[in-house]
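Structural features, examined
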Amino acid sequence: MAPTLHPGPIDAHPARSGVLRRVHAAAVERPLDLTLRVLLATLGAGRSGRGARPCTTPPRTLIPPRPVFTPRVQFVADRDGEACLEFPGARIPLASPFDWRLWEDAGGPDRPAYQLHAFAWCEALDDAAFQAVVLDWIAVADPARGARGVWTPALLAERALSWMAEVARRRRRLAPGFLDALDASLAAQLRALALRADADRGGCRLLSSAAALCWAGATYGGVEADRWAARGRGLLERELTRAFRPDGLHASGSAALQAEALAHLLTVRAVTPPGTLCAALDDVLARGAQALADLTHPDGAVSLLRAGRLHPARLPGEVLDAVEQALGVRSVARDRFVLSDAGLCGARRGQSLVVADCGWSELAAARGRPGAGLLDFEWTVAGERLVVGLGASAGTTAAARTRMGPDTLDLDGGAERGLWAGLRAGRRAGARRTTLQPIDGGFVLEAVHDGYEHLRGEPLLRRRLWATPEAIEIVERVEGGAGQLARSRLLLHPLCRVVTDADGVLTLRRGRALARVVAETPIAIEDATWFPDHGERVATRQLVVTHGAAPCVAGIRLRAISP
């Protein structure tokens, strides 16, 4: 049964009403935005002679564009007979009165408030509940009432896309009065988005803004809708060359953001007529789909290297299906791949896969491109993840960010410069590859990491990774240093069990997967934390291999055992 929602209290601070509330809104506004707002209000007052000129709502087109993807239902669940929203790290009852004031916590994309106000979850509601939550939001989320946190470009774009797609699906079943209210609110949000779309450049947010404006241009008619579409196409043309590398991967290097970016491009393509822009979209979609297929594990979820998310907005399978439907060509994961510009490589055989962060090439490093990874790797055997990437650690606390990532050599457990840069201090570390050669069924990677050169003795870390889908051999070398204790860490999937036999040999077990781990030096098993998604912390374990005092050389071997 769909919940009935009613407008809740508007102001979290009752004293902020009338003039005081407007003064507070102006105080938190950025100077440029405040200047533009005052200028536009003044021009409107001058034209009408009686205050700001009211804005009209553009008319809807007779045939709205059809949504590219099916509705997402994973965000709404029934718990003990009551509906609730489930986001990573948060559960919000979907009942009356609904508290929208989580906008006060909407400080970043990893917060539940962001997902709440992005409205992707409304796709799982029935018609009555959908109309109720939208009208309720419109009633309370006025930026003049302190709700400025939900009028950022990223949220404006995501919310507009969700609303327009749902209206296209349900249009004949929705009340005319509801459509009028929604159109008026959408027009105001799209005007704000068109004005400020360039202000938010993180991740693939410019792509989402371009998709929302292009889709609005096809949903509505008139001069203003044409301006929205032109603005969206301008953003898209810039982002196609800036945000995607020649190897097809999004500049973030994250497979989860790759799926999200391709979903936005498919949304734009659905409303783009044949021509130069459509051809450019097809080229990027083809290259991007191949990179996404390569970085998808046999379990159907993405790689977590480069701070990925295990459950992105769109799963890789549905994105690849949509690309195939649009282009007529299916991207199939390759047995061996190298995404040279992104610094990722991998090898696959059947249901086993190894993916490694191979750093930048010497040529790329010479051109001033910093290393973006810490030479991590992931390993799936017989369809089961055994060694995993740390995941979406960017949203964790400062204390967690100062710990070393998995699969990485660290000295005395200290933070290296790359993580200092995440805390806005120090110089970013470099992780660059010196050798990357194919072998039968796999690859050999040699790379160097300079994140510890600030320590006594200026130690330099070198890793040689010999990898196939069934076996991995690692040689860790510390050159220089002054006796710092060197350790390597392998982060395990939470469902992976570790068994030690009488000879001290470790065996990893999960489902049908079975693998042995052997090292030249002692191996300890310690508690650890895995971050599969923003706001989600999962207790797990890690293998800690102590190599000795720097300078030193040691090795680790992992080998899958046939069931």
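The structure displayed is predicted, hence computed values, not measured ones.

Quick look at the sheet that holds strand 12 (residues 460-467)
In space, the 8 strands of this open sheet follow the order 10-11-12-13-20-17-16-15, with antiparallel pairing throughout. The sheet is open, and its two borders are formed by strand 10 (431-439) and strand 15 (497-500), each paired with just one other strand. Direction aside, neighbouring strands of the sheet carry axes that sit 15° apart on average. Pairing of strand 10 with strand 11 (residues 442-449) involves 8 bridges; the strand directions are antiparallel. By the bridge assignment for strand 11, T435 is matched with E446.

Remarks on the confidence of the model for the protein
In this model, the protein carries a mean pLDDT of 79, and residues with pLDDT of at least 70 account for 77%. Long-range and interchain partners of residues 106-110, a stretch whose pLDDT sits below 50, account for 8 contacts in this model, where long-range means more than four residues apart. pLDDT under 50 marks residues 415-427. Its contacts with residues more than four places away, or in other chains, come to 34 contacts.

Here we look at the pattern of salt bridges
All chains considered together, the criterion is met by 27 salt bridges. The partner of D299 in a salt bridge is R385, with the nearest N and O atoms 2.8 Å apart. Of this pair, D299 sits in the loop between helix 10 (276-294) and helix 11 (316-327) while R385 sits in strand 8 (residues 384-387), and the two are 86 residues apart along the sequence. A relative accessible area of 3% means that R385 is categorised as buried. Between R559 and E473 there is a salt bridge, and its shortest N-O distance comes to 3.8 Å. Pair noted here: R559 is in strand 20 (residues 552-560) and E473 is in strand 13 (residues 471-479), with a separation of 86 residues, a long-range link. Residue classification places R559 among the partly exposed residues on the basis of a relative accessible area of 47%.

The rules behind each value
- Residues numbered from 1 in each chain as written.
- Predicted model: local features only at pLDDT ≥ 70, side-chain atom pairs only at ≥ 80, totals over all residues.
- Heavy atoms only, no water.
- Pairing = 2+ DSSP bridges.
- Helix = DSSP H or I, 4+ residues; strand = E, 2+ residues; numbered from the N terminus.
- Axes fitted to C-alpha atoms, helices over the stretch in contact; angles between N-to-C directions.
- pLDDT = per-residue confidence, 0-100.
- Contact = heavy atoms within 4.5 Å.
- Salt bridge = Lys/Arg side-chain N within 4 Å of Asp/Glu carboxyl O.
- Buried < 20%, exposed > 50% of the residue type's maximum accessible area, 1.4 Å probe, protein only.

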